[in-house]
Amino acid sequence: QVQLVESGGGLVQAGGSLRLSCAASGSIFSINAMGWYRQAPGKQRELVAVISSGGMTNYADSVKGRFTISRDNPKNTVYLQMNRLEPEDTAVYYCNARRIGAATTDYWGQGTQVTVSS
């Protein structure tokens, strides 16, 4: 079992920055990758950024060059640094952890609201 707790969301003006944090606990030794997803009202949940256990990263085209995902292994924490925020970034951001074993299992945090005003 894996537990994920997000923090760092809030209200920011366009062009500003926020850093989201996701602290993982439980059976974290089995996690292969962690990432951030977001969901805006009336829209599907979409991948924002992902980082593998080996440190490889991928980003959605809409955030590439503005967002950076990173990890702090001793603290079992993953971060999402968000710069040059736009109103279109407004969404609930969810931390995700994926475990690949007999079956692929995804764990989700409760989500943190990010609101970007114009």
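Calculation notes
Residues numbered from 1 in each chain as written. Predicted model: local features only at pLDDT ≥ 70, side-chain atom pairs only at ≥ 80, totals over all residues. Heavy atoms only, no water. Phe/Tyr/Trp six-rings, centres within 6.5 Å; stacked < 30°, edge-to-face > 60°. Helix = DSSP H or I, 4+ residues; strand = E, 2+ residues; numbered from the N terminus. Lys NZ or Arg CZ within 6 Å of the ring centre and 35° of its normal. Disulfide = S-S within 2.5 Å. Pairing = 2+ DSSP bridges. Axes fitted to C-alpha atoms, helices over the stretch in contact; angles between N-to-C directions. Polar contact = N/O pair within 3.5 Å; in protein donor to acceptor, adjacent residues only side chain to side chain. Contact = heavy atoms within 4.5 Å. Salt bridge = Lys/Arg side-chain N within 4 Å of Asp/Glu carboxyl O. Buried < 20%, exposed > 50% of the residue type's maximum accessible area, 1.4 Å probe, protein only. Core = buried A, V, L, I, M, F, W, Y, C linked by side-chain atoms within 4.5 Å.

Tallied over the entire structure, the rule returns one aromatic pair. Ring geometry for Tyr-37 against Trp-108: centres 5.0 Å apart, planes inclined by 70 degrees, an arrangement best described as edge-to-face. Of the two residues, Tyr-37 sits in strand E4 (residues 33-39) while Trp-108 sits in strand E10 (residues 104-108), which places them 71 residues apart along the sequence. Here the basic side chain of Arg-45 rests over the ring of Tyr-94, its NZ or CZ set 3.8 Å away from the ring centre.

A few words now on the state of the cysteines. Tallied over the entire structure, the rule returns one disulfide. The disulfide bridge from Cys-22 ends at Cys-95, spanning 2.0 Å between sulfur atoms. Measuring the twist about the S-S bond at about -85 degrees, one finds the Cys-22-Cys-95 disulfide to be left-handed. Taken together, the residues Cys-22 in strand E3 (residues 18-26) and Cys-95 in strand E9 (residues 91-100) connect sequence positions 73 residues apart.

Next up on the list: the sheet that holds strand E8 (residues 77-82). Strand order across the open sheet formed by four strands is E1-E3-E8-E7, with antiparallel pairing between neighbours. Because the sheet does not close on itself, it has two edges, and the strands there are strand E1 (2-7) and strand E7 (67-72). Averaged over all adjacent pairs, the angle separating strand axes in this sheet is 20 degrees, with direction ignored. Where E7 and E8 come together, six bridges link them in antiparallel fashion. Each residue of the ladder has a partner; that of Ser-70, found in E8, is Tyr-79.

Attention shifts here to the side chain of Asn-96. By the secondary structure assignment, Asn-96 is in strand E9. A distance of 3.3 Å separates a polar atom in the side chain of Asn-96 from a polar atom in the side chain of Asp-106. When neighbours within four sequence positions are excluded, Asn-96 is seen to be in contact with Leu-4, Ala-33, Met-34, Gly-35, Tyr-37, Asp-106, Tyr-107 and Trp-108.

Another aspect to go through is the pattern of salt bridges. Using the criterion set out here, one finds six salt bridges in the structure. Among the ionic pairs, Arg-66 bridges to Asp-89, the shortest N-O distance being 2.8 Å. One end of the pair, Arg-66, is in the loop between strand E6 (57-59) and E7; the other, Asp-89, is in the loop between E8 and E9, and 23 residues separate them in sequence. Assigned by exposure class, Arg-66 and Asp-89 land together as buried. The structure contains a network of salt bridges with shared partners spanning Arg-38, Glu-46, Arg-66, Glu-86 and Asp-89.

To continue, consider the nonpolar core. Grouped together as the largest cluster of nonpolar side chains are 29 residues, with contacts concentrated most on Leu-4, Met-34, Trp-36, Leu-80, Met-82 and Tyr-93. Setting aside residues no more than four positions away along its own chain, Tyr-93 makes contact with Glu-6, Leu-20, Trp-36, Tyr-37, Arg-38, Val-48, Phe-67, Leu-80, Met-82, Gly-111, Thr-112 and Val-114.

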